[in-house]
Amino acid sequence: MDLGLDEQQEMLRNFARDFLEKECPEQLVREMEEDEKGYSPELWRKMAEQGWMGLIIPEEYGGAGMRITDLVVLLEEFGRFLVPGPFIPTVVLGAYPIMLAGTAQQREQLLPRIASGELIMTMALTEPSAKWDADGVELEARKEGNEYVLNGTKLFVQDAHVTDFMVVVARTGRGATPEEGISLFLVDSRSPGIKFELLRTIASDKQCEVTFENVRVPAGNLLGEEGKGWPIVHKTKLLAAVAACAYLVGLSQQDFDITLNYAKERVQFGRPIGSFQAIQHKLADAVIDVDGARFITYKAAWSLQENEPDAELMVSMAKAWCSEASRRVVAHGQQIHGGIGFTKDYKIQLYFRRQKWMELMWGDADYHRELVAEKLQI
Amino acid sequence: MDFRLSPEDEAWRQEVRSWLRQNLPPDWEDRIPEEQGWEFARDFARKLAQKGWVVPHWPKEYGGLGLDLWKQLIYREEMAYHRAPLGYVAMGTDWAGPTIIVYGTEEQKREHLPRIARAEVMWCQGFSEPNAGSDLANLQTRAVRDGDEYVVNGQKIWTSGAHRADWMILLARTDPEAPKHKGISYFLLDMKSPGITIRPLIDMMGNHAFNQVFFENVRVPAKNLLGEENRGWYMATTTLNFERSSIGGVAASLALLEELVRFVQDAPPELAYLCRQPRVRNRLADMAVEVQVGRMLSYNVVSIQAQGRVPTYEASIAKLYNTELGLRLARTGISILGLYGQLKPRSKWVRLRGRFERQYLWMTGMVVGGGTSEIQRNLIAIRGLGLPRG
Ligand SMILES: Cc1cc2nc3c(=O)[nH]c(=O)nc-3n(C[C@H](O)[C@H](O)[C@H](O)COP(=O)(O)OP(=O)(O)OC[C@H]3O[C@@H](n4cnc5c(N)ncnc54)[C@H](O)[C@@H]3O)c2cc1C
Ligand SMILES: Cc1cc2nc3c(=O)[nH]c(=O)nc-3n(C[C@H](O)[C@H](O)[C@H](O)COP(=O)(O)OP(=O)(O)OC[C@H]3O[C@@H](n4cnc5c(N)ncnc54)[C@H](O)[C@@H]3O)c2cc1C
C-alpha cells in the first residue's frame, strides 16, 4: 500500500506543472473566458505534443497506454492551472467510450487521431431534464434503412461547439427499465441539422445547447450495440466523476496555496492576518479538506483502474466528498482574502467560480450520497 | 499509488480477525458490568500476551514480533473494529514503552519492557495538571534532587487509570529557573511509593476512569529518571509522535456505523417510521463517506512513515478529523434513533445496546484528551502551514 505517487507519476506531475506554468498563465485563462471557442489551439497542439490526449489510449492506437491513476495525476495539475478547453471531454467523454465499446474499425479510425490532438470530442448526454440517469435520455434515434435519424435537444454539453465528433446518447427504444433502449452514436459535429448555442455559465466555461433536427447518422457509427449503450455511458460517467474530483483536488490545492500565502503577507492590526487564530483554524480545516479530497480521489481512481468490487461505491464517495470539501476550501479562500477576493482582477475568484461548475458536473454531493446509500443498501 | 495490501498483510488481518472472533464475544460489553470492565481488559491483555500480541510492533528483543508499519496499522484497525478492550495495556504499549525504547538505559529497558509486553503491569500518564492542560509546559509539580533520589511534590489531574496502575510516566519540574520547556524531567514512578494519594474523579459517563493524584514528598530513585534531566519536555513531545495515525478511532467509527446501518435496514416495527425517512439515508451515506475519508487520512500517516519520512501535521489531521468524526457519528446515531437515542445501556427499551448514548458522551471527552481539537488546529497551522504565532 502506498498513497503517494510512484516515480513515473512524480515525473509526469512535475513536468506538467512546469509546462502549464509556462503555457497556461492566468492571462490565458482569462482570455479564454471571453473567447468564443474557449480554448487555445496553440496550447492544444503543444499539449498533444506531450502525448497528453493519448495518455490513456493504448499504444497500438498511438497513445501512451498509461492508466487511470496517471490521468488523475495530470488532471490534478489541470485543476491547479484551470486549463481551459475540451481536454476532459475529448479524453474521458470521447476516447474512453470508444476504447470501451468501439469496433476495431472505429478504434483505428478515431483513437490515433484523438491521441495526436487532431480530433476534439465530447459526449452529449444530459437534456433539459438535467438528469445524469438513463431516464433523462429522451433524444430520439429512429432507424431508416442504413441510417439513424436523430431528433431532440441536449443541454449542458461541454465544448460541443468546437468538437469534430460527439458521442450522442440517444433512445432507440423502450424497455422494462430506462436503461434499456439507449444507443450511442458517433456523430460528426458538422452534420446537417445540428445547431449549437453557447450557455452563459458561472465558470464562463463553454457548455452548449445542442439541437438535433433530422440529423442523419450512418448505421456504422453506432457505438456498441443498439439498445445496449447505457453500460458504456455508465462506465464513462464513473471516469468522468473521478476526473472531476481530480480537477477539484488541484483547484482546491491551488486556491488554498494562494490563500495561505496571502494570509502570511496581508497585514492588518500590525500583524499578518495569518497570525489570527480565526484565520489559522480556517486554514487548518481547509488543509484537511484538501488532503481528504486527494486521498479519496486516489482511492477511487485506483479502485476503478483495478476493477475492485467496490469501485463504484468509492467513486461516489469521492465525488460526494470532493464536491463539498472543495466548496468549503474556496469559501474560506474568498473570506480570508476580504474585499480583494471579490474583485475580478484578482485571481482567487477564478477558482471560486470554477469550483461550483465542477461541484455540479457528474453529480453533486446529494446525488452521489444517494448512490452511496443505494450501494450500502440503506 | 497502490491501495492493495500484500497477501501477507491480508493473511495477518485474517489471523487477527479470526483470533478476535474466538477470543472476544461481540457482546462482551453487555455481559460485563462496567465496574468489572477493568478485570476483563486485564484478562484479555494477558490472552494477547500469550500470543505475543500485546506489542506486536516492537522489536523481538523487547518482546514484540517486529511487525512492519502496515501490519501494525492492520492490528490496530482490527482491535478497534472489534472493540477489543486495550485500556489495561495502552499507556504502556503506546506511551511508556516507546519512550523507554528510545531514551531508556539498558537496565530500564530490561526492567520495564518485558513486563509491558507480557501485560503484567499497567501504566498511567501523569502529565496534566490543574494549570497545565493544553499549556502542558506550564506544569508545576516539582522534583528536587536529594542524593540518589528525587523528591516529588505537587498534583496531577485527569490521570486515567491511576487507581489501577502499577507505574506512572511522570513529568515534573526539575529546574524552576529555566524557561518553561527547559526545566522539565521525565520520570518512571512506582505507584506503590509512599506519599501518593489518589482521589477519584467520576466522568460524565458515570465511570471512575480518571483521578487526581497528589504527591507529598514522594521519593523516586534517580535511576528512574528517563533520559537526561531537564530534557523531559522534548521527550514527552516525541512520545506524542509515536503511532499517531488515529486509525483506532476511525475503525471504531466504521464498526459503529455498520451496526447503525444494519439496525436501520431491519428496523423494529416501532422504529420503522423513523428509519425510513429520506434524511436518514442521506445522513448515513454522509457518514460512510466521512469514515472512508478518515481512513485515508490515517493511512496517509502510515504511508508517509513507510516511505521513511516523518509525518508532521498529518498526524494532527488524523487525530482531529477522526475524533470529530466520532462525535458527528454519535450525533447522527442519536438523531436517527430519536427519543430512543437517549437511553443508556441496559435500560428497558434500549436500542443498539445504548452504544450511541455512550459514544456521544465518550467522544465529547476524546476531542479534548490527547490534545484538544483547537490545539490540533494550532499545530496544523503553525507547524504544518508555517503561519506566524498569534
Ligand atoms: C462588495 C463590497 C463593497 C464594499 N463597499 C465599500 C464602500 O462603499 N466603502 C468602503 O469604504 N469600503 C467598502 N468595502 C470594503 C470593506 O469594508 C472591506 O473589504 C472590509 O472591511 C474588509 O477589509 P479588507 O478587504 O481590507 O480585508 P482584511 O481586513 O485584510 O481582512 C482579510 C481577512 O482577514 C480577517 N481579519 C482581519 N482582521 C482580523 C482580526 N483581527 N481577527 C480575525 N480575522 C481578521 C478578515 O475577517 C478577512 O477574512 C466593500 C467591500 C465589498 C466586498
Ligand atoms: C477522557 C480524558 C482522559 C484524560 N486522560 C489523561 C491522562 O491519563 N493523563 C493526563 O496527563 N491527562 C489526561 N487528560 C487530560 C487532557 O490531556 C487535557 O484535558 C487536555 O490536554 C486539555 O487540557 P485542559 O483540560 O486543561 O483544558 P484547557 O487547556 O484549559 O482548555 C480549555 C479550552 O481552551 C482551549 N484552548 C486552550 N489553549 C488554547 C489555544 N492556545 N488556542 C485555542 N484554544 C485553546 C482548549 O482547546 C479547550 O477548548 C485526559 C482528558 C480527558 C478528557
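1. Quick look at the nonpolar core
Okay, step 1: With 239 residues, the main nonpolar core has Met47(A), Trp52(A), Phe78(A), Phe87(A) and Trp123(B) as its most contacted residues.
Okay, step 2: For this core, the element with the highest residue contribution is helix H7 (residues 230–265) of chain A, accounting for 21 residues.
Okay, step 3: Those residues in contact with Met47(A) that lie beyond four places of it in its chain are Phe19(A), Trp52(A), Met53(A), Phe78(A), Val83(A) and Phe87(A).
Okay, step 4: By size, the runner-up hydrophobic cluster in this structure holds 20 residues, among which are Leu150(A), Ala160(A), Val168(A) and Ile194(A).

2. Concerning the site of ligand 2
Okay, step 1: Around ligand 2 sit 19 residues, and of these Ser128(B), Ser134(B), Trp158(B), Thr372(B) and Glu374(B) come closest.
Okay, step 2: Two or more chains meet at ligand 2, and those chains are chains A and B.
Okay, step 3: A distance of 2.9 Å is found between a nitrogen atom of ligand 2 and a side-chain nitrogen or oxygen belonging to Gln277(A).
Okay, step 4: Relative to its unbound accessible area of 970 Å², ligand 2 is 66% covered by the protein chains.

3. Considerations on the environment of Leu343(B)
All names here are of chain B.
Okay, step 1: Examined against the element boundaries, Leu 343 turns out to sit in the loop between helix H11 (313–337) and helix H12 (355–366).
Okay, step 2: Taking the C-alpha atoms as reference, Leu 343 lies 33 Å from Pro 130; in sequence the two are 213 residues apart.
Okay, step 3: When residues no more than four places from it in sequence are discounted, the contact partners of Leu 343 are Trp 349, Val 350, Gly 354 and Glu 357.

4. What about the site of ligand 1?
Residue and element names in this part refer to chain A.
Okay, step 1: Ligand 1 sits among Arg 266, Gln 268, Phe 269, Ile 273, Phe 276, Ile 279, Gln 335, Ile 336, Gly 338, Gly 339 and Phe 342.
Okay, step 2: Residue Gln 268 places a side-chain N or O atom 3.4 Å away from an oxygen atom belonging to ligand 1.
Okay, step 3: The contact in question runs from an oxygen atom of ligand 1 to an N or O atom on the backbone of Gly 339, over 2.6 Å.
Okay, step 4: In isolation ligand 1 offers 970 Å² of accessible surface; the protein chains occlude 42% of this area.

5. What to know about the packing of H11(B) against H12(B)
All names here are of chain B.
Okay, step 1: Direction vectors running N to C along H11 and H12 enclose 155°, while the axes themselves pass 9 Å from each other. The angle between the axes of H11 and H12 places the two elements in the roughly antiparallel class. Remark: the crossing between H11 and H12 carries left-handed chirality. Contacts from Lys 319, Asn 322, Thr 323, Gly 326, Leu 327, Leu 329, Ala 330, Arg 331, Gly 333, Ile 334 and Leu 337 in H11 reach Phe 356, Glu 357, Gln 359, Tyr 360, Met 363, Thr 364 and Met 366 in H12.
Okay, step 2: Of the residues contributing to the contact of H11 with H12, the split by class is nine nonpolar, six polar and three charged.

6. Some points on the domain arrangement of chain A
The extent of an interface is frequently quoted as the accessible surface area lost upon association of the parts.
Residues and elements named next belong to chain A.
Okay, step 1: Each assigned domain of chain A is listed here: domain 1 (7–120), domain 2 (122–228) and domain 3 (231–375).
Okay, step 2: In this structure, domain 2 and domain 3 have C-alpha centres spaced 30 Å apart.
Okay, step 3: The interface of domain 2 with domain 3 comprises 15 residues on the first partner and 14 residues on the second.
Okay, step 4: A buried area of about 1,400 Å², summed over both sides, lies between domain 2 and domain 3, and 70% of it is on carbon and sulfur atoms.
Okay, step 5: Among the residues domain 2 hides against domain 3, the three largest losses belong to Trp 132, Ile 202 and Ala 203. Together they make up 43% of the total.
Okay, step 6: Between domain 2 and domain 3 we count one salt bridge in total.
Okay, step 7: Run the count over domain 2 and domain 3 and you get four residue pairs in polar contact (both at pLDDT 80 or more).
Okay, step 8: Within the side of domain 2 that touches domain 3, the residues separate by chemical class into eight nonpolar, four polar and three charged.

7. Side note on the environment of Leu304(A)
Residues and elements named next belong to chain A.
Okay, step 1: Inspection of the secondary structure puts Leu 304 in helix H8 (residues 277–305).
Okay, step 2: The buried category is assigned to Leu 304, whose relative accessible area is 12%.
Okay, step 3: Leu 304 sits 62 residues away from Asp 366 along the chain, and the two C-alpha atoms are 21 Å apart.

8. Things to note about unusual backbone geometry
Okay, step 1: Look at Trp362(A): it is not a glycine, yet its phi comes out positive at around 60°.
Okay, step 2: Note on placement: Trp362(A) falls in the loop between helix H10 (348–360) and helix H11 (365–375).
Okay, step 3: Owing to a relative accessible area of 8%, Trp362(A) belongs among the buried residues under this scheme.
Okay, step 4: The backbone of Trp158(B) shows a phi angle near 65°, a positive value even though the residue is not glycine.
Okay, step 5: Looking at the element boundaries, Trp158(B) is found in the loop between strand S3 (149–157) and strand S4 (167–173).
Okay, step 6: In this structure Trp158(B) comes out as partly exposed when scored by relative accessible area, which is 45%.

Calculation notes
- Per chain, residue numbering runs from 1 following the sequence as it is written.
- Here every chain gets a letter starting at A, and every ligand a number starting at 1, in the order they are written.
- Owing to the predicted nature of the model, reporting of local features is limited to residues with pLDDT of at least 70; listing and counting of side-chain atom pairs is limited to 80 or more, with chain, interface and lining totals taken over all residues.
- To obtain the side-chain values, all non-hydrogen atoms of the structure were included, while hydrogens and water were left out.
- What is meant by a nonpolar core is a set of buried Ala, Val, Leu, Ile, Met, Phe, Trp, Tyr and Cys residues, joined one to another through side-chain atoms within 4.5 Å.
- With a 1.4 Å probe rolled over the protein chains alone, any residue whose accessible area is under 20% of its type maximum counts as buried; one over 50% counts as exposed, and the rest are partly exposed.
- For the purposes of this entry, the term helix denotes a DSSP run of H or I that reaches at least four residues, the term strand denotes a run of E that reaches at least two, and both are numbered from the N terminus.
- Should any heavy atoms of two residues lie within 4.5 Å, those residues are considered in contact.
- The nearness test applies per residue and asks whether one of its heavy atoms lies within 4 Å of the molecule or strand.
- Residues adjacent in sequence count toward polar contacts only when both atoms are side-chain atoms; beyond that, a polar contact is any pair of N or O atoms within 3.5 Å, and within protein one must be able to donate a hydrogen and the other to accept it.
- Only the protein chains shown count as cover for residues, and all accessible areas are computed by the Shrake-Rupley method using a 1.4 Å probe.
- Comment: axis = line fitted to C-alpha atoms, over the contacting stretch for helices; angle = value between 0 and 180 degrees taken between N-to-C directions.
- Note on angle classes: values under 35 degrees are labelled roughly parallel, values over 145 roughly antiparallel, values of 65 to 115 roughly perpendicular, and the remainder oblique.
- By definition, any crossing whose near helix is turned counterclockwise from its far helix by less than a right angle is left-handed, and any crossing with a clockwise turn is right-handed.
- In this count, Pro and Cys sit with the nonpolar residues alongside Ala, Val, Leu, Ile, Met, Phe, Trp and Tyr, while Asp, Glu, Lys and Arg are called charged and the others, Gly among them, polar.
- Domain start and stop positions are those given by an automatic or database domain assignment.
- When two components associate, each loses some accessible surface as probed by a 1.4 Å sphere; the sum of these losses over both components is called the buried area.
- We define a salt bridge as a contact between a side-chain nitrogen of Lys or Arg and a carboxyl oxygen of Asp or Glu at a distance within 4 Å.

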